[in-house]
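Given next are the chains, with one letter for each unit.
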Amino acid sequence: MAGNVPIYDNHIHMSPSGRNVDALLEFQAAGGTGLTLITLPYSEVRIGKGRDFSDSFDITYRMAEKAKEATSLQINTAVGPYPILLLGLAEEHGLAFAVEAMKEGMEIAGRAVAEGKAQAIGEIGRPHFQVSEEIWEASNEVLLAGMRAAKENGCPVIIHSEAGTVGTNRSLSEIARKAGLDPGMVIKHSSPPFVRDEETFGVMPSIPASREYIREALSKGSDRFMLETDYYDDPEKPGARMSVNTVPKRIKAMLANGGMTEENVRRICGEIPEKMFRG
């Protein structure tokens, strides 16, 4: 710990072909104390129908257990059907089939939370690039199903979507309310430094751990946000995302230079994750 504070990265991936536990050992050695491990569409499992998600998520559970055995980190696991998979399923089988397959993936993720295998559903949401109105509407239908599963199982959802804007947060908040889910349980991955109510509409921002973003968020007078790297664990693309030790290094440096207080860090890396993933 840095100054006896928790240090939490809210968005880390592991890959069977990547550094795996070695990456998390580096995170721990740098001062990290906890993280959210997010599932990926793994090349080892081809998603051709809904029940295939179960095999894919099993890879995440195995890697999480391996990491828990090798480290002392608090690891919260999130599983869910990655939103872009809708497009491939629709192209191969038609949109109606694709929507039902993705919804089955949400049901499987919800059962994983109920069984204690996962603590969140994610990352789910919408394509991050322009798509047809038909695909957009189908993506929102699937997302609503995911939020309903989260409501039923008392867990958060982690959102992958188009670039974060105030309008995006308003839309996510509206879908959450339709599902009966507290918008505060909707975590917007790769969020801009939005912290004010009129920017978030209740959605929880998970902000890339850059100095600029952290400073801007704190300058608005609020530490209601989480930090992330989106570490991708791809040995072929080592610079594709932030390095796995970014959050510990950034927090230590900003504590040392007065850019953050211990109170800020305890809220961002302790109180908020504990509340989110309390299950």
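Everything that follows concerns the structure shown earlier in this document.
This text gives an overview of the structure that appears in the document. Note that the structure is a prediction, hence the values are computed from the model and not measured.

Reading guide: rules and limits
- Residues numbered from 1 in each chain as written.
- Predicted model: local features only at pLDDT ≥ 70, side-chain atom pairs only at ≥ 80, totals over all residues.
- Heavy atoms only, no water.
- Pairing = 2+ DSSP bridges.
- Helix = DSSP H or I, 4+ residues; strand = E, 2+ residues; numbered from the N terminus.
- Axes fitted to C-alpha atoms, helices over the stretch in contact; angles between N-to-C directions.
- Phe/Tyr/Trp six-rings, centres within 6.5 Å; stacked < 30°, edge-to-face > 60°.
- Buried < 20%, exposed > 50% of the residue type's maximum accessible area, 1.4 Å probe, protein only.
- Contact = heavy atoms within 4.5 Å.
- Right-handed = clockwise from strand over helix to strand, strands pointing away.

Quick word on the sheet that holds strand β3 (residues 74-79)
The 8 strands are arranged β1-β2-β3-β4-β5-β6-β7-β8 in an open sheet whose pairing can be described as parallel. With partners counted over all chains shown, the strands left at the sheet margins are β1 (8-12) and β8 (226-228), one partner each. Each adjacent strand pair in this sheet contributes to an overall mean axis angle of 25 degrees, direction not counted. Examined bridge by bridge, strand β7 (residues 204-208) and β8 share 3 bridges and lie parallel to one another.

Some words on unusual backbone geometry
Residue G122 is joined to E123 through a cis peptide bond whose omega torsion reads -5 degrees. Here E123 is to be found in strand β4 (residues 120-125). One non-glycine residue, S190, lies in the positive phi region at around 55 degrees. Here S190 lies in the loop between β6 (186-188) and α7 (197-200).

Some points on the packing of aromatic side chains
This model, assessed by the stated rule, comprises 2 aromatic pairs. Aromatic pair Y8 and F277: ring centres 6.3 Å apart, planes at 25 degrees, arrangement stacked. Taken together, the positions of Y8 in strand β1 and F277 in the segment after α10 (262-276) put the pair 269 residues apart, joining distant regions of the chain. F277 carries the same exposure label as Y8, and that label is buried. Taking 5.9 Å as the distance between ring centres and 35 degrees as the angle between the ring planes, the aromatic pair formed by F53 and F57 counts as tilted. Of this pair, F53 and F57 both sit in helix α2 (residues 52-70), 4 residues apart, which is roughly one turn of that helix.

Some words on the environment of F129
Counting through the fold element by element, F129 comes out in the loop between β4 and α5 (133-153). For F129 and S161, which are 32 residues apart along the polypeptide, the C-alpha to C-alpha distance reads 8.3 Å. Excluding residues within four positions of it along the chain, F129 makes contact with I84 and L87.

Some remarks on the environment of N169
Of note, N169 is situated in helix α6 (residues 166-179). Separated by 25 residues in the primary sequence, N169 and F194 have C-alpha atoms spaced 9.6 Å apart. Setting aside chain neighbours within four positions, we find N169 in contact with K188, F194, E199, T200, F201 and V203.

Overview of the pairing of β4
Taking burial as the measure, the 6 residues of β4 include 6 buried ones, the bulk of the element. In the classification by handedness, the crossover that spans β4, the intervening α5 and the parallel strand β5 (residues 157-160) is right-handed.

Observations regarding the pairing of β7
Of all the 5 residues making up β7, 5 are buried; the element is thus mostly covered by neighbouring parts of the structure. Pairing of β6 with β7 involves 2 bridges; the strand directions are parallel. Residue pairing in the sheet places K188 in a bridge with P205 of β7. Handedness of the crossover is the feature at issue here: the chain leaves β7, passes through helix α8 (residues 211-219), returns alongside β8, and the resulting connection is right-handed.

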